Protein chains: 2
Amino acid sequence: MTQCDTKTRILDSAEQLFAREGFHNTSLRAITSLADVNLASVNYHFGSKDALLQAVIERRLLPLNQIRETQIRGVLAQAKEEGIPPTAADLLRAFIEPTLEFRNSSPGAHDFISLIGRSLSEPDETVRNCFLALVLPIFQLLFKGLCEALPQLSPAILLTRLQFAIGTMSHVMCMGSLSVFNHPELPTPLDQNTLIQQLLKFVHAGLETPE
Amino acid sequence: MTQCDTKTRILDSAEQLFAREGFHNTSLRAITSLADVNLASVNYHFGSKDALLQAVIERRLLPLNQIRETQIRGVLAQAKEEGIPPTAADLLRAFIEPTLEFRNSSPGAHDFISLIGRSLSEPDETVRNCFLALVLPIFQLLFKGLCEALPQLSPAILLTRLQFAIGTMSHVMCMGSLSVFNHPELPTPLDQNTLIQQLLKFVHAGLETPE
DNA sequence: TCTTGATTTAAACACTTATTTGAAACGCCT
DNA sequence: AGGCGTTTCAAATAAGTGTTTAAATCAAGA
(Lines give C-alpha, C1' and ligand atoms only; values in the text may rest on other atoms or scores of the structure.)
Protein backbone atom coordinates (compact mmCIF):
# COMPACT_ATOMS: atom_id res chain seq x y z
CA MET A 1 0.00 0.00 0.00
CA THR A 2 1.73 3.19 -1.10
CA GLN A 3 1.37 6.63 0.44
CA CYS A 4 -0.98 7.73 -2.28
CA ASP A 5 -3.18 4.74 -1.64
CA THR A 6 -3.66 5.61 1.99
CA LYS A 7 -4.38 9.25 1.26
CA THR A 8 -6.95 8.45 -1.40
CA ARG A 9 -8.65 5.88 0.75
CA ILE A 10 -8.94 8.39 3.56
CA LEU A 11 -10.32 11.00 1.15
CA ASP A 12 -12.84 8.55 -0.29
CA SER A 13 -14.07 7.41 3.09
CA ALA A 14 -14.19 10.92 4.50
CA GLU A 15 -16.13 12.13 1.47
CA GLN A 16 -18.69 9.40 1.88
CA LEU A 17 -19.15 9.86 5.60
CA PHE A 18 -19.10 13.66 5.62
CA ALA A 19 -21.80 13.61 2.95
CA ARG A 20 -24.02 10.97 4.52
CA GLU A 21 -23.58 11.65 8.23
CA GLY A 22 -22.40 15.27 8.34
CA PHE A 23 -19.01 16.66 9.25
CA HIS A 24 -19.42 16.93 13.00
CA ASN A 25 -21.22 13.63 13.20
CA THR A 26 -18.34 11.79 11.55
CA SER A 27 -15.41 10.75 13.71
CA LEU A 28 -11.89 10.13 12.54
CA ARG A 29 -12.28 6.63 13.87
CA ALA A 30 -15.23 6.03 11.57
CA ILE A 31 -13.27 7.36 8.62
CA THR A 32 -10.10 5.39 9.27
CA SER A 33 -11.89 2.17 9.99
CA LEU A 34 -13.93 2.48 6.80
CA ALA A 35 -10.75 3.24 4.89
CA ASP A 36 -9.01 0.40 6.72
CA VAL A 37 -6.05 2.55 7.70
CA ASN A 38 -4.56 3.50 11.02
CA LEU A 39 -6.23 6.20 13.07
CA ALA A 40 -3.13 8.37 13.22
CA SER A 41 -2.67 8.45 9.46
CA VAL A 42 -5.23 11.16 8.89
CA ASN A 43 -3.33 13.52 11.18
CA TYR A 44 -0.09 12.45 9.59
CA HIS A 45 -1.23 13.03 6.02
CA PHE A 46 -3.60 15.95 6.46
CA GLY A 47 -2.73 17.54 9.79
CA SER A 48 -6.20 17.79 11.26
CA LYS A 49 -9.84 16.93 10.71
CA ASP A 50 -10.55 20.43 9.39
CA ALA A 51 -7.70 20.19 6.90
CA LEU A 52 -9.04 16.82 5.79
CA LEU A 53 -12.39 18.41 4.96
CA GLN A 54 -10.59 21.10 3.00
CA ALA A 55 -8.72 18.42 1.06
CA VAL A 56 -11.92 16.48 0.40
CA ILE A 57 -13.58 19.57 -1.04
CA GLU A 58 -10.61 20.78 -3.05
CA ARG A 59 -9.88 17.45 -4.65
CA ARG A 60 -13.16 17.47 -6.55
CA LEU A 61 -14.19 21.11 -6.63
CA LEU A 62 -11.07 22.56 -8.25
CA PRO A 63 -11.33 20.42 -11.41
CA LEU A 64 -15.11 20.74 -11.49
CA ASN A 65 -14.89 24.51 -11.31
CA GLN A 66 -12.35 24.53 -14.09
CA ILE A 67 -14.79 22.69 -16.34
CA ARG A 68 -17.62 24.98 -15.38
CA GLU A 69 -15.46 28.00 -16.08
CA THR A 70 -14.45 26.89 -19.57
CA GLN A 71 -18.06 26.05 -20.36
CA ILE A 72 -19.30 29.46 -19.27
CA ARG A 73 -16.46 31.22 -21.04
CA GLY A 74 -17.33 29.19 -24.13
CA VAL A 75 -20.89 30.48 -24.09
CA LEU A 76 -19.68 34.04 -23.60
CA ALA A 77 -17.09 33.75 -26.39
CA GLN A 78 -19.51 32.33 -28.91
CA ALA A 79 -22.03 35.04 -28.14
CA LYS A 80 -19.40 37.69 -28.62
CA GLU A 81 -18.37 36.11 -31.89
CA GLU A 82 -21.92 36.15 -33.15
CA GLY A 83 -22.38 39.67 -31.92
CA ILE A 84 -25.41 38.79 -29.80
CA PRO A 85 -25.80 38.58 -26.04
CA PRO A 86 -25.58 35.10 -24.48
CA THR A 87 -28.85 33.51 -23.38
CA ALA A 88 -29.61 32.87 -19.74
CA ALA A 89 -30.54 29.29 -20.57
CA ASP A 90 -27.13 28.60 -22.14
CA LEU A 91 -25.34 30.11 -19.17
CA LEU A 92 -27.32 28.10 -16.66
CA ARG A 93 -26.74 24.93 -18.63
CA ALA A 94 -23.03 25.67 -18.80
CA PHE A 95 -23.03 25.86 -15.04
CA ILE A 96 -25.19 22.91 -14.15
CA GLU A 97 -24.50 20.31 -16.82
CA PRO A 98 -20.87 19.71 -15.83
CA THR A 99 -22.10 19.29 -12.27
CA LEU A 100 -24.54 16.60 -13.37
CA GLU A 101 -22.08 14.76 -15.54
CA PHE A 102 -19.62 14.84 -12.74
CA ARG A 103 -22.18 13.63 -10.24
CA ASN A 104 -23.01 10.60 -12.36
CA SER A 105 -19.36 9.79 -13.00
CA SER A 106 -18.82 7.83 -9.77
CA PRO A 107 -20.53 7.02 -6.47
CA GLY A 108 -17.98 9.13 -4.64
CA ALA A 109 -18.78 12.09 -6.85
CA HIS A 110 -22.44 11.67 -5.99
CA ASP A 111 -21.65 11.88 -2.30
CA PHE A 112 -19.47 14.87 -2.97
CA ILE A 113 -22.28 16.79 -4.64
CA SER A 114 -24.51 16.15 -1.65
CA LEU A 115 -21.75 17.52 0.51
CA ILE A 116 -21.30 20.76 -1.39
CA GLY A 117 -25.04 21.11 -1.94
CA ARG A 118 -25.36 21.36 1.81
CA SER A 119 -22.30 23.55 2.31
CA LEU A 120 -24.13 26.72 1.34
CA SER A 121 -26.35 26.50 4.37
CA GLU A 122 -23.80 24.89 6.64
CA PRO A 123 -23.94 26.44 10.10
CA ASP A 124 -20.28 25.83 10.81
CA GLU A 125 -18.18 28.66 9.42
CA THR A 126 -15.15 26.46 8.92
CA VAL A 127 -17.05 24.25 6.55
CA ARG A 128 -18.99 26.99 4.81
CA ASN A 129 -16.09 29.33 4.17
CA CYS A 130 -13.90 26.55 2.87
CA PHE A 131 -16.52 25.90 0.24
CA LEU A 132 -17.50 29.49 -0.50
CA ALA A 133 -13.98 30.66 -1.25
CA LEU A 134 -13.75 28.10 -4.02
CA VAL A 135 -17.03 28.84 -5.75
CA LEU A 136 -17.11 32.62 -5.53
CA PRO A 137 -15.15 33.14 -8.78
CA ILE A 138 -17.61 30.96 -10.68
CA PHE A 139 -20.55 32.81 -9.18
CA GLN A 140 -19.03 36.09 -10.26
CA LEU A 141 -18.41 34.86 -13.77
CA LEU A 142 -21.93 33.53 -14.05
CA PHE A 143 -23.31 36.78 -12.73
CA LYS A 144 -21.34 38.80 -15.26
CA GLY A 145 -22.71 36.63 -18.05
CA LEU A 146 -26.27 36.93 -16.83
CA CYS A 147 -25.97 40.71 -16.75
CA GLU A 148 -25.27 40.57 -20.46
CA ALA A 149 -27.99 38.04 -21.08
CA LEU A 150 -30.68 39.91 -19.20
CA PRO A 151 -29.83 43.63 -19.45
CA GLN A 152 -33.43 44.59 -18.78
CA LEU A 153 -33.01 43.49 -15.16
CA SER A 154 -31.16 45.61 -12.64
CA PRO A 155 -27.93 44.00 -11.41
CA ALA A 156 -29.09 43.98 -7.80
CA ILE A 157 -32.23 42.04 -8.66
CA LEU A 158 -30.34 39.75 -10.96
CA LEU A 159 -27.85 38.94 -8.25
CA THR A 160 -30.66 38.12 -5.85
CA ARG A 161 -32.27 35.85 -8.39
CA LEU A 162 -28.97 34.16 -9.12
CA GLN A 163 -28.78 33.47 -5.42
CA PHE A 164 -32.24 31.90 -5.57
CA ALA A 165 -31.25 29.85 -8.58
CA ILE A 166 -28.11 28.57 -6.95
CA GLY A 167 -30.04 27.77 -3.82
CA THR A 168 -32.59 25.77 -5.77
CA MET A 169 -29.97 23.91 -7.76
CA SER A 170 -27.82 22.97 -4.81
CA HIS A 171 -30.94 21.91 -2.97
CA VAL A 172 -31.92 19.55 -5.74
CA MET A 173 -28.36 18.33 -6.27
CA CYS A 174 -28.15 17.61 -2.60
CA MET A 175 -31.36 15.72 -2.10
CA GLY A 176 -32.33 14.34 -5.47
CA SER A 177 -35.97 13.57 -4.86
CA LEU A 178 -36.92 13.91 -1.26
CA SER A 179 -38.10 10.84 0.59
CA VAL A 180 -41.16 12.56 2.00
CA PHE A 181 -42.50 12.99 -1.46
CA ASN A 182 -42.54 9.25 -1.89
CA HIS A 183 -45.98 9.12 -0.42
CA PRO A 184 -48.93 6.98 -1.47
CA GLU A 185 -51.20 9.98 -1.89
CA LEU A 186 -48.73 11.85 -4.08
CA PRO A 187 -47.64 11.23 -7.67
CA THR A 188 -44.46 9.20 -8.11
CA PRO A 189 -41.38 11.38 -8.55
CA LEU A 190 -39.92 12.05 -11.97
CA ASP A 191 -36.89 10.25 -13.32
CA GLN A 192 -33.50 11.86 -13.12
CA ASN A 193 -33.42 13.35 -16.63
CA THR A 194 -36.84 14.92 -16.45
CA LEU A 195 -36.02 16.22 -13.01
CA ILE A 196 -32.99 18.10 -14.27
CA GLN A 197 -34.80 19.36 -17.31
CA GLN A 198 -37.54 20.69 -15.06
CA LEU A 199 -34.98 22.20 -12.74
CA LEU A 200 -33.45 24.20 -15.57
CA LYS A 201 -36.88 25.32 -16.76
CA PHE A 202 -37.79 26.37 -13.25
CA VAL A 203 -34.77 28.52 -12.50
CA HIS A 204 -34.72 29.89 -16.03
CA ALA A 205 -38.30 31.08 -15.75
CA GLY A 206 -37.60 32.52 -12.32
CA LEU A 207 -34.56 34.41 -13.55
CA GLU A 208 -36.28 35.89 -16.57
CA THR A 209 -39.58 36.96 -15.07
CA PRO A 210 -40.11 40.75 -15.30
CA GLU A 211 -39.21 42.81 -12.21
CA MET B 1 -37.47 30.30 38.96
CA THR B 2 -40.36 27.96 38.25
CA GLN B 3 -40.33 24.75 36.24
CA CYS B 4 -41.73 26.47 33.21
CA ASP B 5 -38.99 29.04 33.39
CA THR B 6 -36.25 26.44 33.27
CA LYS B 7 -37.86 24.56 30.43
CA THR B 8 -38.31 27.61 28.23
CA ARG B 9 -34.83 28.86 28.92
CA ILE B 10 -33.44 25.52 27.83
CA LEU B 11 -35.62 25.61 24.72
CA ASP B 12 -34.53 29.16 23.88
CA SER B 13 -30.85 28.43 24.30
CA ALA B 14 -31.05 25.14 22.43
CA GLU B 15 -32.90 26.81 19.58
CA GLN B 16 -30.25 29.48 19.25
CA LEU B 17 -27.31 27.11 19.40
CA PHE B 18 -28.80 24.39 17.21
CA ALA B 19 -29.51 27.04 14.58
CA ARG B 20 -26.16 28.80 14.72
CA GLU B 21 -23.77 25.94 15.42
CA GLY B 22 -25.67 22.88 14.26
CA PHE B 23 -27.18 20.07 16.28
CA HIS B 24 -24.17 17.79 16.54
CA ASN B 25 -21.84 20.71 17.13
CA THR B 26 -23.83 21.88 20.13
CA SER B 27 -23.20 20.25 23.51
CA LEU B 28 -25.65 20.05 26.36
CA ARG B 29 -23.10 21.90 28.43
CA ALA B 30 -23.13 24.80 25.99
CA ILE B 31 -26.93 24.88 26.10
CA THR B 32 -27.25 24.69 29.86
CA SER B 33 -24.55 27.25 30.51
CA LEU B 34 -26.14 29.68 28.07
CA ALA B 35 -29.50 29.07 29.70
CA ASP B 36 -27.89 29.33 33.12
CA VAL B 37 -29.43 26.11 34.36
CA ASN B 38 -27.99 22.90 35.66
CA LEU B 39 -26.61 20.37 33.20
CA ALA B 40 -28.88 17.58 34.40
CA SER B 41 -32.04 19.60 33.92
CA VAL B 42 -32.24 18.97 30.21
CA ASN B 43 -32.34 15.23 30.79
CA TYR B 44 -34.75 15.72 33.64
CA HIS B 45 -37.19 17.83 31.65
CA PHE B 46 -36.78 16.41 28.17
CA GLY B 47 -35.22 12.98 28.62
CA SER B 48 -32.44 13.24 26.05
CA LYS B 49 -30.73 15.54 23.61
CA ASP B 50 -32.74 14.10 20.71
CA ALA B 51 -35.99 14.69 22.56
CA LEU B 52 -34.89 18.24 23.26
CA LEU B 53 -34.47 18.87 19.54
CA GLN B 54 -37.92 17.44 18.95
CA ALA B 55 -39.33 19.78 21.58
CA VAL B 56 -37.51 22.77 20.08
CA ILE B 57 -39.00 22.05 16.68
CA GLU B 58 -42.50 21.26 17.88
CA ARG B 59 -42.83 24.31 20.09
CA ARG B 60 -42.68 26.66 17.11
CA LEU B 61 -43.64 24.53 14.15
CA LEU B 62 -46.98 23.27 15.41
CA PRO B 63 -48.49 26.77 15.84
CA LEU B 64 -46.83 28.03 12.68
CA ASN B 65 -48.25 25.18 10.66
CA GLN B 66 -51.66 25.83 12.09
CA ILE B 67 -51.53 29.40 10.81
CA ARG B 68 -50.26 28.29 7.42
CA GLU B 69 -53.04 25.75 7.20
CA THR B 70 -55.83 28.23 7.96
CA GLN B 71 -54.35 30.69 5.46
CA ILE B 72 -54.20 28.10 2.70
CA ARG B 73 -57.67 26.81 3.51
CA GLY B 74 -58.87 30.40 3.42
CA VAL B 75 -57.57 30.85 -0.12
CA LEU B 76 -59.16 27.57 -1.18
CA ALA B 77 -62.48 28.42 0.47
CA GLN B 78 -62.74 31.85 -1.10
CA ALA B 79 -61.93 30.45 -4.54
CA LYS B 80 -64.62 27.83 -4.12
CA GLU B 81 -67.08 30.49 -3.04
CA GLU B 82 -66.32 32.59 -6.10
CA GLY B 83 -66.50 29.52 -8.30
CA ILE B 84 -62.98 30.06 -9.71
CA PRO B 85 -59.79 28.15 -9.13
CA PRO B 86 -57.35 29.60 -6.58
CA THR B 87 -54.26 31.31 -7.96
CA ALA B 88 -50.79 29.91 -7.46
CA ALA B 89 -49.61 33.30 -6.23
CA ASP B 90 -52.23 33.41 -3.49
CA LEU B 91 -51.40 29.89 -2.37
CA LEU B 92 -47.68 30.59 -2.25
CA ARG B 93 -48.28 33.77 -0.31
CA ALA B 94 -50.52 31.93 2.11
CA PHE B 95 -47.68 29.55 2.76
CA ILE B 96 -44.79 31.93 3.00
CA GLU B 97 -46.19 35.08 4.54
CA PRO B 98 -46.96 33.53 7.92
CA THR B 99 -43.43 32.21 7.92
CA LEU B 100 -42.05 35.69 7.39
CA GLU B 101 -44.25 37.34 9.95
CA PHE B 102 -43.29 34.66 12.38
CA ARG B 103 -39.61 35.02 11.59
CA ASN B 104 -39.68 38.73 12.32
CA SER B 105 -41.67 38.29 15.50
CA SER B 106 -38.67 37.56 17.73
CA PRO B 107 -34.95 36.82 17.56
CA GLY B 108 -35.59 33.27 18.67
CA ALA B 109 -38.06 32.79 15.85
CA HIS B 110 -35.44 33.98 13.41
CA ASP B 111 -33.03 31.34 14.65
CA PHE B 112 -35.77 28.78 14.45
CA ILE B 113 -36.42 29.50 10.79
CA SER B 114 -32.73 29.02 10.05
CA LEU B 115 -32.96 25.72 11.83
CA ILE B 116 -35.91 24.37 9.88
CA GLY B 117 -34.60 25.88 6.64
CA ARG B 118 -31.62 23.62 7.01
CA SER B 119 -33.60 20.61 8.20
CA LEU B 120 -34.69 19.66 4.70
CA SER B 121 -31.14 18.85 3.69
CA GLU B 122 -30.00 17.67 7.09
CA PRO B 123 -27.86 14.55 6.74
CA ASP B 124 -28.86 13.16 10.10
CA GLU B 125 -32.08 11.19 9.82
CA THR B 126 -33.09 11.88 13.39
CA VAL B 127 -33.13 15.60 12.74
CA ARG B 128 -34.60 15.44 9.25
CA ASN B 129 -37.43 13.04 10.00
CA CYS B 130 -38.43 14.93 13.10
CA PHE B 131 -38.97 17.96 10.90
CA LEU B 132 -40.42 16.25 7.86
CA ALA B 133 -43.19 14.51 9.75
CA LEU B 134 -44.51 17.86 10.90
CA VAL B 135 -44.53 19.64 7.56
CA LEU B 136 -45.78 16.86 5.31
CA PRO B 137 -49.48 17.67 5.87
CA ILE B 138 -48.91 21.29 4.86
CA PHE B 139 -47.00 20.24 1.76
CA GLN B 140 -49.87 17.96 0.80
CA LEU B 141 -52.45 20.67 1.31
CA LEU B 142 -50.42 23.14 -0.72
CA PHE B 143 -49.95 20.58 -3.45
CA LYS B 144 -53.66 19.89 -3.61
CA GLY B 145 -54.33 23.60 -3.96
CA LEU B 146 -51.74 24.04 -6.66
CA CYS B 147 -53.27 21.21 -8.65
CA GLU B 148 -56.48 23.22 -8.77
CA ALA B 149 -54.64 26.45 -9.53
CA LEU B 150 -52.55 25.02 -12.36
CA PRO B 151 -54.60 22.21 -13.94
CA GLN B 152 -52.67 22.52 -17.20
CA LEU B 153 -49.62 21.00 -15.45
CA SER B 154 -49.38 17.29 -14.77
CA PRO B 155 -49.41 16.47 -11.05
CA ALA B 156 -45.99 14.79 -11.20
CA ILE B 157 -44.38 17.88 -12.69
CA LEU B 158 -46.22 20.15 -10.33
CA LEU B 159 -45.02 18.15 -7.36
CA THR B 160 -41.45 18.39 -8.58
CA ARG B 161 -41.75 22.12 -8.99
CA LEU B 162 -43.30 22.48 -5.57
CA GLN B 163 -40.24 20.70 -4.26
CA PHE B 164 -38.07 23.23 -6.08
CA ALA B 165 -40.09 26.09 -4.69
CA ILE B 166 -39.88 24.82 -1.14
CA GLY B 167 -36.17 24.27 -1.57
CA THR B 168 -35.69 27.83 -2.75
CA MET B 169 -37.79 29.29 -0.01
CA SER B 170 -36.18 27.38 2.81
CA HIS B 171 -32.80 28.23 1.36
CA VAL B 172 -33.55 31.94 1.46
CA MET B 173 -35.23 31.74 4.85
CA CYS B 174 -32.21 29.96 6.17
CA MET B 175 -29.51 32.25 4.91
CA GLY B 176 -31.13 35.59 4.33
CA SER B 177 -28.59 37.22 2.05
CA LEU B 178 -25.43 35.23 1.84
CA SER B 179 -22.22 36.77 3.08
CA VAL B 180 -20.29 35.90 -0.07
CA PHE B 181 -22.51 38.14 -2.04
CA ASN B 182 -21.40 41.06 0.05
CA HIS B 183 -18.50 41.62 -2.27
CA PRO B 184 -17.04 44.92 -3.53
CA GLU B 185 -17.43 43.90 -7.16
CA LEU B 186 -21.06 42.91 -6.76
CA PRO B 187 -24.17 45.05 -6.27
CA THR B 188 -25.28 45.53 -2.67
CA PRO B 189 -27.98 43.04 -1.64
CA LEU B 190 -31.63 44.04 -1.59
CA ASP B 191 -33.47 44.96 1.56
CA GLN B 192 -35.62 42.39 3.29
CA ASN B 193 -38.96 43.38 1.77
CA THR B 194 -37.74 43.49 -1.80
CA LEU B 195 -35.96 40.21 -1.24
CA ILE B 196 -39.16 38.47 -0.24
CA GLN B 197 -41.12 40.07 -3.01
CA GLN B 198 -38.52 38.83 -5.48
CA LEU B 199 -38.56 35.41 -3.90
CA LEU B 200 -42.29 35.10 -4.48
CA LYS B 201 -41.97 36.31 -8.06
CA PHE B 202 -39.17 33.83 -8.68
CA VAL B 203 -40.91 30.69 -7.44
CA HIS B 204 -44.22 31.81 -8.94
CA ALA B 205 -42.67 32.18 -12.37
CA GLY B 206 -40.90 28.84 -11.99
CA LEU B 207 -44.09 27.08 -10.98
CA GLU B 208 -46.20 28.48 -13.82
CA THR B 209 -43.78 28.09 -16.70
CA PRO B 210 -45.16 25.73 -19.43
CA GLU B 211 -43.98 22.11 -19.30
C1' DT C 1 -45.13 22.15 61.49
C1' DC C 2 -44.36 18.20 59.19
C1' DT C 3 -44.64 15.63 55.03
C1' DT C 4 -44.77 14.80 50.26
C1' DG C 5 -43.75 15.43 45.71
C1' DA C 6 -41.34 18.10 42.28
C1' DT C 7 -37.22 20.38 41.03
C1' DT C 8 -32.32 21.55 41.34
C1' DT C 9 -27.65 20.55 42.24
C1' DA C 10 -22.80 18.77 42.19
C1' DA C 11 -20.51 14.85 41.27
C1' DA C 12 -19.53 10.84 39.00
C1' DC C 13 -20.24 7.61 35.19
C1' DA C 14 -18.83 5.30 31.07
C1' DC C 15 -17.53 6.48 26.58
C1' DT C 16 -16.00 8.95 22.62
C1' DT C 17 -13.38 12.65 20.74
C1' DA C 18 -9.12 14.69 18.09
C1' DT C 19 -4.46 14.67 18.49
C1' DT C 20 0.38 13.19 19.87
C1' DT C 21 4.11 9.99 20.72
C1' DG C 22 7.87 6.85 20.02
C1' DA C 23 8.91 2.75 18.26
C1' DA C 24 8.43 -0.48 14.49
C1' DA C 25 8.27 -1.42 9.52
C1' DC C 26 8.82 -0.07 4.98
C1' DG C 27 10.90 1.17 0.34
C1' DC C 28 14.98 2.97 -1.74
C1' DC C 29 19.42 4.47 -2.75
C1' DT C 30 24.48 3.89 -2.41
C1' DA D 1 24.26 -4.73 3.71
C1' DG D 2 23.59 -0.68 5.83
C1' DG D 3 21.72 3.75 6.43
C1' DC D 4 17.91 7.12 5.58
C1' DG D 5 13.67 9.38 5.04
C1' DT D 6 8.91 8.09 4.85
C1' DT D 7 5.05 5.82 6.41
C1' DT D 8 2.48 2.85 9.68
C1' DC D 9 1.20 1.29 14.08
C1' DA D 10 -0.50 0.58 18.91
C1' DA D 11 -0.82 3.12 22.81
C1' DA D 12 -1.53 7.01 25.52
C1' DT D 13 -3.13 11.78 26.25
C1' DA D 14 -6.25 15.15 27.73
C1' DA D 15 -10.43 17.01 26.99
C1' DG D 16 -15.32 16.56 25.91
C1' DT D 17 -19.67 13.83 25.30
C1' DG D 18 -24.60 12.43 26.93
C1' DT D 19 -26.51 10.46 30.83
C1' DT D 20 -27.27 8.93 35.72
C1' DT D 21 -27.26 9.22 40.71
C1' DA D 22 -28.18 10.57 45.24
C1' DA D 23 -28.37 14.18 48.16
C1' DA D 24 -30.09 18.92 48.79
C1' DT D 25 -33.58 22.36 48.09
C1' DC D 26 -37.97 24.03 47.32
C1' DA D 27 -43.26 24.82 47.30
C1' DA D 28 -47.33 23.74 49.01
C1' DG D 29 -51.02 20.73 51.33
C1' DA D 30 -52.54 18.38 55.59
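Residues numbered from 1 in each chain as written. Chains lettered and ligands numbered in written order. Predicted model: local features only at pLDDT ≥ 70, side-chain atom pairs only at ≥ 80, totals over all residues. Heavy atoms only, no water.

## Considerations on the interface of chain B and chain A
At step 1: On the side of chain A, 56 residues touch chain B, which itself brings 56 residues to the contact.
At step 2: Taking both sides of the interface into account, the surface hidden between chain B and chain A amounts to around 5000 Å²; carbon and sulfur atoms contribute 74%.
At step 3: In terms of surface lost to chain A, no three residues of chain B exceed B:F164, B:F181 and B:F202, which account for 15% of the buried area on that side.
At step 4: At the boundary of chain B and chain A, one finds 0 salt bridges.
At step 5: Applying the counting rule to chain B against chain A returns 7 residue pairs in polar contact (both at pLDDT 80 or more).
At step 6: Elements represented by at least two residues in the side of chain B that touches chain A include exactly α1 (3-21), α7 (125-149), α8 (155-175) and α9 (192-208) of chain B.
At step 7: Counting residues per element, the side of chain B that touches chain A draws most heavily on α8(B), which supplies 16 residues.
At step 8: Looking at side-chain class alone, the side of chain B that touches chain A contains 29 nonpolar, 19 polar and 8 charged residues. (Contact = heavy atoms within 4.5 Å. Buried area = accessible area lost by both parts, 1.4 Å probe. Salt bridge = Lys/Arg side-chain N within 4 Å of Asp/Glu carboxyl O. Polar contact = N/O pair within 3.5 Å; in protein donor to acceptor, adjacent residues only side chain to side chain. Helix = DSSP H or I, 4+ residues; strand = E, 2+ residues; numbered from the N terminus. Nonpolar A, V, L, I, M, F, W, Y, C, P; charged D, E, K, R; others polar.)

## Focus on helix α6 (residues 107-119) of chain B
Residues and elements named next belong to chain B.
At step 1: The end-to-end C-alpha separation of α6 is 19 Å, in line with the 18 Å expected for 13 residues at 1.5 Å each.
At step 2: Of all 13 residues in α6, 10 are buried, a share of seventy percent or more.
At step 3: Looking at α6, one finds that the buried residues are A109, D111, F112, I113, S114, L115, I116, G117, R118 and S119. (Expected span 1.5 Å × (residues − 1). Buried < 20%, exposed > 50% of the residue type's maximum accessible area, 1.4 Å probe, protein only.)

## Things to note about the pattern of salt bridges
Residues and elements named next belong to chain A.
At step 1: Tallied over the full model, the rule gives 14 salt bridges over all chains.
At step 2: Of the charged contacts in the structure, one is a salt bridge between D36 and R9, with a shortest N-O distance of 3.9 Å. With a gap of 27 residues between them, D36 in the loop between α2 (28-35) and α3 (41-46) and R9 in helix α1 (residues 3-21) connect regions that are remote in the sequence.
At step 3: Under the relative-accessibility criterion, D36 is labelled exposed at 58%.

In short, geometric facts, not functional conclusions.
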